[in-house]
Amino acid sequence: MKARWIILAVSVAIFLGGNLLTSLQDPWFQNLTRPGWLTFESLIPLIWAVVWICGTISAILVWEKSRRARRDRPWLFMGLYIAIGLLTTLYSPVVVELRSLVGGLIFGGLATILAYVVAISVRKVSTTASWLLLPYMLWGPIGTYLTWILIQLNPGVGGI
């Protein structure tokens, strides 16, 4: 089986696993006060799908180019991609099941920082793979900021 299919399968499993664990449609989460500027909330699942697809393609490119160049780093890079995926996927269970917006802020913030680290790290392997992380690098700070705003608008609700 080609590595790209394994990377795709792992990516889909992580993505779906997080969505199966919990849903941001939970009444507690839906009843949180939101900022008035959040008029695009219905687009957030689509945004995340694009971010996830680009990240998966990025991982595939890094694996394939690293293996062709006989570099030992592809496993390290794959571990970093998996870490981004797990941190991202665990956001919803942490926020909804643990009722922790602060935990979500931490997970989202760490995933965003890691996306920047990976984009910089893989640039020498594949500039295309690095650019494919741009959607995460753009959306991650917005999502993290939104979580911080939710904490501000819902004092005492989203503790650790």
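Residues numbered from 1 in each chain as written. Predicted model: local features only at pLDDT ≥ 70, side-chain atom pairs only at ≥ 80, totals over all residues. Heavy atoms only, no water.

## Remarks on the overall build of the chain
Counting secondary structure elements, the chain contains 7 helices and 0 strands. Listing each helix as α and each strand as β along the chain from the N terminus yields α-α-α-α-α-α-α. On C-alpha atoms alone, the chain measures out to a radius of gyration of 16 Å, which is about the 15 Å that the 2.2 N^0.38 rule sets for 160 residues. Principal-axis analysis of the C-alpha atoms places the extent of the chain at approximately 50 × 25 × 25 Å. Counting the 160 residues in the chain, one finds 45% classified as buried. (Helix = DSSP H or I, 4+ residues; strand = E, 2+ residues; numbered from the N terminus. Rg over C-alpha atoms; globule rule 2.2 N^0.38 Å. Buried < 20%, exposed > 50% of the residue type's maximum accessible area, 1.4 Å probe, protein only.)

## A word on the UniProt feature "transmembrane region" (unreviewed entry) in the chain
UniProt tags residues 46-63, 75-94, 100-119 and 131-151 as "transmembrane region" (unreviewed entry). Helix makes up 100% of residues 46-63 and strand 0%. Its end C-alpha atoms lie 26 Å apart. The annotated region residues 100-119 carries 95% helix and 0% strand content, and the separation between its end C-alpha atoms amounts to 29 Å. (UniProt positions renumbered as here; feature names shortened; annotations may be inferred.)

## Focus on the nonpolar core
Counting residues in hydrophobic clusters, the biggest one holds 26 residues, and the most contacted among them are Val 62, Phe 77, Met 78, Tyr 81, Val 118 and Val 122. Those elements that place two or more of their residues in this core are helix H3 (44-68), helix H4 (74-97), helix H5 (101-122) and helix H7 (134-153). Not counting the four nearest positions on each side in its chain, Val 62 is found in contact with Phe 77, Met 78, Tyr 81, Val 122, Val 125 and Ala 129. In terms of nonpolar packing, the next biggest core, distinct from the first, is built from 9 residues, Leu 32, Val 95, Val 96 and Ile 151 among them. (Core = buried A, V, L, I, M, F, W, Y, C linked by side-chain atoms within 4.5 Å. Contact = heavy atoms within 4.5 Å.)

## Quick notes on a nonpolar patch on the surface
Among the surface-exposed residues, Ile 6, Val 10, Ile 82, Leu 86 and Leu 90 lie close enough to one another that they form a single nonpolar patch of about 360 Å² accessible area. Where the nonpolar patch is concerned, the elements lending two or more residues are helix H1 (3-21) and H4. Of the residues forming the nonpolar patch, the biggest block, 3 residues, is contributed by H4. Mapped onto the secondary structure, Ile 82 falls in helix H4. With relative accessibility at 35%, the residue Ile 82 sits in the partly exposed group. (Patch = residues over 30% accessible without salt bridge, like charges linked within 9 Å, V, L, I, M, F, W, Y side chains within 5 Å. Areas by Shrake-Rupley, 256 points an atom, 1.4 Å probe, with all protein chains shown as cover. Salt bridge = Lys/Arg side-chain N within 4 Å of Asp/Glu carboxyl O.)

## Things to note about unusual backbone geometry
Backbone phi values are negative for most residues with the exception of glycine, while trans is the configuration of most peptide bonds. At Arg 99, a residue that is not glycine, the phi angle is positive and equals roughly 55°. With respect to the secondary-structure elements, Arg 99 resides in the loop between H4 and H5. Arg 99 sits in the partly exposed class, given a relative accessible area of 34%.

## A closer look at H7
Residues that lie three or four places apart on an α-helix share one face, since the helix turns once every 3.6 residues. Look at H7: 29 Å from first C-alpha to last across 20 residues, which is about the 28 Å you get at 1.5 Å a residue. Turning to H7, its buried residues number three or more, namely Tyr 136, Met 137, Trp 139, Gly 140, Gly 143, Thr 144, Leu 146, Thr 147, Ile 149, Leu 150 and Ile 151. (Expected span 1.5 Å × (residues − 1).)

## Observations regarding the pattern of salt bridges
Enumeration according to the criterion identifies 2 salt bridges in this entry. A salt bridge links Asp 26 to Arg 99, with the shortest nitrogen-to-oxygen separation between them at 3.4 Å. Taken as a pair, Asp 26 in the loop between H1 and helix H2 (27-30) and Arg 99 in the loop between H4 and H5 lie far apart in primary sequence, 73 residues in all.

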